[in-house]
Amino acid sequence: MNQRRTINVRRVVKVLQGAARSGVSIPELLDQCGIERRVLEQPDARIERDTFIRLMLLVMEQTQDEFLGFGQGRKSKPGTFSMMAHAVINCPTLDAAVRRGIRFYELFDLNMRTWLRREGDQARLITEVDPRLDFRDVIIDAMLFLSLRFMSWLVGKVVEPQAVYLDYQPLKEDDEHRFMFNCPTYYNSGVNQVVFPVHYLDLPLVRNELSLSHFLRESLAQLFEGNVHNVGLPARIRGLLSEDYGGHFPDFGEVCRRLQMTPQTLRRRLKDDNTSYQEIKDSIRKDASVYYLSKAELSIDEIALLMGFSEASSFHRAFKKWTNMTPSAYRRTHFGDTNEHP
């Protein structure tokens, strides 16, 4: 098995222990995830990352707690992370987004605190978790790991840590940390923090509410995958066009000026990426249309106007070309019947 795509069974056992404390049936969980009981008795066994994600999602659903029951009575109800993400998505820089996210979670009575420090050319994301919690090492690991991955997603490039400090010593030397953080890990340090170059904090966010809506559909999988690369040219153009997504896109010449490229160069670069300016615009229109169709308060005619179509019939033809379905049929299929006429 590829270790980067698998999880040590010791972490599986801890998730199951947290679920058991919340009254979840462990045999049923294992059956639903297809995890054999004998695997739990093999300390060096590993399971597929996707199976682990399914397990976590089931535990969140059955405990109604995004902390998987580890908070010992302190819950983070499903949807809390989503609301935090919506709160930070319009921040100008990563620094502002991280600090707003920290303030968001301070609104809840949780057994942990987080803060961000800038010290010269280094940044430190520090978390403090109540020492009385039985599963505090799991909470600390998840907090630091998922924070790094979410920060990376926000800026469109990997935020590479320089070091991770943990205030505990694993029962066994844990290769998992090496694959999680890919940097030196120091134990019994007296503090829980991840250190990374400060310049990342000054990067602008390259995401918006539209890309966030896609991300949230499978956020846990994307955060574990960590497949965040430097934003390429098509994504940069999507970012420019999506700042106010709708039908009023800048013309090709304006995009060239903003990217400081000649039209010939931009066309060639996009061709190298197997796309074109028109295809990018159509992709944004499609994604934005789907996003608006999820909003039950908007009629099809209103969405057509938002997308820059003067007539609803033109919007219907374009949407059917993109998805092979009419807007109303797509809405009924994916978002429930809203009494729209086809």
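Predicted model, so just to flag it, every value in this text is computed and none were measured.

S.K.: Any details on the overall build of the chain? Residues and values, ideally.
M.R.: A tally of regular secondary structure across the chain gives 16 helices and seven strands. Across the 342 residues in the chain, those meeting the buried criterion constitute 48%. Intrachain contacts of the chain at a sequence separation of at least 6 include 64% that bridge at least 24 residues. Accessible area of the chain: about 17,900 Å², with a carbon and sulfur share of 48%.

S.K.: Explain the packing of aromatic side chains to me, and be specific about the residues and the numbers.
M.R.: Going through the model one piece at a time under the given rule, you end up with twelve aromatic pairs. Aromatic pair Phe-81 and Phe-150: ring centres 5.3 Å apart, planes at 65°, arrangement edge-to-face. With Phe-81 in helix 4 (residues 80-88) and Phe-150 in helix 6 (residues 136-155), this residue pair connects regions lying 69 residues apart in the sequence. Judged by relative accessible area, which is 18%, Phe-81 ranks as buried. Taken together, a centroid distance of 5.0 Å and an interplanar angle of 25° make the contact between Tyr-165 and Tyr-186 stacked. You can see Tyr-165 sitting in strand 5 (residues 163-165) and its partner Tyr-186 sitting in strand 6 (residues 185-186), a full 21 residues away along the chain. Relative accessible area serves as the criterion here: at 25%, Tyr-165 is assigned to the partly exposed category.

S.K.: Account for the side chain of Thr-80, naming residues and giving values.
M.R.: As for its placement among the helices and strands, Thr-80 is situated in helix 4. If sequence neighbours within four positions are ignored, Thr-80 has contacts with Glu-66, Phe-104, Tyr-105 and Phe-108.

S.K.: Outline the packing of helix 4 against helix 5 (residues 94-105), listing residues and values.
M.R.: At a closest axis distance of 9 Å, the pairing of helix 4 and helix 5 adopts a crossing angle of 140°. Taken together, helix 4 and helix 5 sit at an angle that is classed as oblique. Pair helix 4 / helix 5 crosses with right-handed handedness. Residues Thr-80, Phe-81, Met-83, Met-84, Ala-87 and Val-88 of helix 4 lie in contact with helix 5, whose contacting residues are Ala-97, Arg-100, Gly-101, Phe-104 and Tyr-105. Residues that form the contact of helix 4 with helix 5 fall into these classes: eight nonpolar, two polar and one charged.

Criteria and cut-off values
- Residues numbered from 1 in each chain as written.
- Predicted model: local features only at pLDDT ≥ 70, side-chain atom pairs only at ≥ 80, totals over all residues.
- Heavy atoms only, no water.
- Helix = DSSP H or I, 4+ residues; strand = E, 2+ residues; numbered from the N terminus.
- Buried < 20%, exposed > 50% of the residue type's maximum accessible area, 1.4 Å probe, protein only.
- Contact = heavy atoms within 4.5 Å.
- Areas by Shrake-Rupley, 256 points an atom, 1.4 Å probe, with all protein chains shown as cover.
- Phe/Tyr/Trp six-rings, centres within 6.5 Å; stacked < 30°, edge-to-face > 60°.
- Axes fitted to C-alpha atoms, helices over the stretch in contact; angles between N-to-C directions.
- Parallel < 35°, antiparallel > 145°, perpendicular 65-115°, else oblique.
- Left-handed = near helix turned anticlockwise from the far one by under 90°.
- Nonpolar A, V, L, I, M, F, W, Y, C, P; charged D, E, K, R; others polar.

This is a description of form; function is not addressed.
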